[in-house]
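Now for the letters of each chain:
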Amino acid sequence: MRLIIASDIHGDFDAAKSLVEHYKWARADRLVLLGDLLYHGPRNDLPAGYAPKKVIELLNSLKDDILCVRGNCEAEVDQMVLAFPVLAEYAFIEADSKRLFLTHGHKNGFDNPPPLRAGDVLVCGHTHVSAAKPFGNNNLYINPGSVAIPKENTPKGFILYENGEFSFRRLDNGEEYMKA
């Protein structure tokens, strides 16, 4: 299974467009979005490419390919304009003999993980900082960072998941900068 995993678009159309181009290039099976799609929230500066209506149109064009979980900036009104489910608190994917627990990270994250089985992978966004850290009972914490508003000197980025490996990629050129 090949997945593109990304988080925290925050209404940045330029970032969303670049992400979709990488998704199409990779010929991934799914585009997994970890929340905070349309709004920047009170703690973040307005992204340079802020155009949530254009992000809506772009993402809706891929409605059958997207698996999304709710971020802390999503509200019921977002579901009224998005053509794919965005209000699930979490989701599971079984891929390449790994069980991925997908959530935004504001309720359950590295410091407050949900109940996991041995070997499960916790995949979160929210912090805007890309990370890959082992923890718990042979568990792995994965965070793609943010495609729009990265923090702590991490690049704008996403993850290409394939053959059981997480390849962290730069949004600007698709180059790998970390692997887990």
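The preceding data block contains the structure.
Predicted model, so just to flag it, every value in this text is computed and none were measured.

*Asks:* Teacher, can you tell me more about the layout of surface pockets here?
*Replies:* Unoccupied space between atoms shows up once a probe the size of one water molecule is rolled over them. The volume enclosed by the largest pocket comes to roughly 230 Å³. Looking at the largest pocket, it is lined by 16 residues, and the ones nearest its centre are Gly109, Phe110, Asp111, Thr127 and Tyr141.

*Asks:* What is the right way to look at the state of the cysteines in this model?
*Replies:* Think of a disulfide as a covalent bridge from one cysteine sulfur atom to another cysteine sulfur atom. The final tally for this structure, using the stated rule, is zero disulfides. Not part of a disulfide, Cys68 finds its nearest cysteine sulfur in Cys73, a span of 12 Å.

*Asks:* I tried to follow the pairing of strand β10 (residues 165-170) on my own but got confused; where do I start?
*Replies:* Look at any regular strand and the pattern is simple: side chains alternate between the two faces of the sheet. Pairing geometry for strand β9 (residues 157-162) and β10, over six bridges, is antiparallel. Considered in β10, the bridge of Tyr161 is made with Phe166. Where β9 folds back onto β10 in an antiparallel hairpin, the turn is made up of two residues, including Asn163, whose phi is positive at roughly 55°. Summarising the sheet, β10 and strand β11 (residues 176-179) pair through three bridges and their orientation is antiparallel. Counterpart to Phe168 in the pairing with β11 is Met178. Linking β10 to β11, which pair antiparallel, is a turn of five residues; within it Gly174 sits at a positive phi near 75°.

*Asks:* Can you walk me through the pairing of strand β4 (residues 90-95) in this structure?
*Replies:* Of the two faces of β4, only one is covered, namely that formed by Ala91, Ile93 and Ala95; the face formed by Tyr90, Phe92 and Glu94 stays uncovered. In the sheet, β4 pairs with strand β5 (residues 98-103) via six bridges, with the strands oriented antiparallel. Bridging from a neighbouring strand, Glu94 pairs with Arg99 of β5. With antiparallel pairing between neighbouring strands as the criterion, β4 and β5 make up a hairpin whose turn holds two residues, including Asp96 at a positive phi of roughly 50°.

Definitions and cut-offs
Residues numbered from 1 in each chain as written. Predicted model: local features only at pLDDT ≥ 70, side-chain atom pairs only at ≥ 80, totals over all residues. Heavy atoms only, no water. 1 Å grid on protein atoms, 1.4 Å probe; cavity = no way out; pocket = protein on both sides within 12 Å on 5 of 7 lines; lining within 4 Å. Points joined across faces, edges and corners; volume = space filled by probe spheres on them. Disulfide = S-S within 2.5 Å. Pairing = 2+ DSSP bridges. Helix = DSSP H or I, 4+ residues; strand = E, 2+ residues; numbered from the N terminus. Buried < 20%, exposed > 50% of the residue type's maximum accessible area, 1.4 Å probe, protein only.

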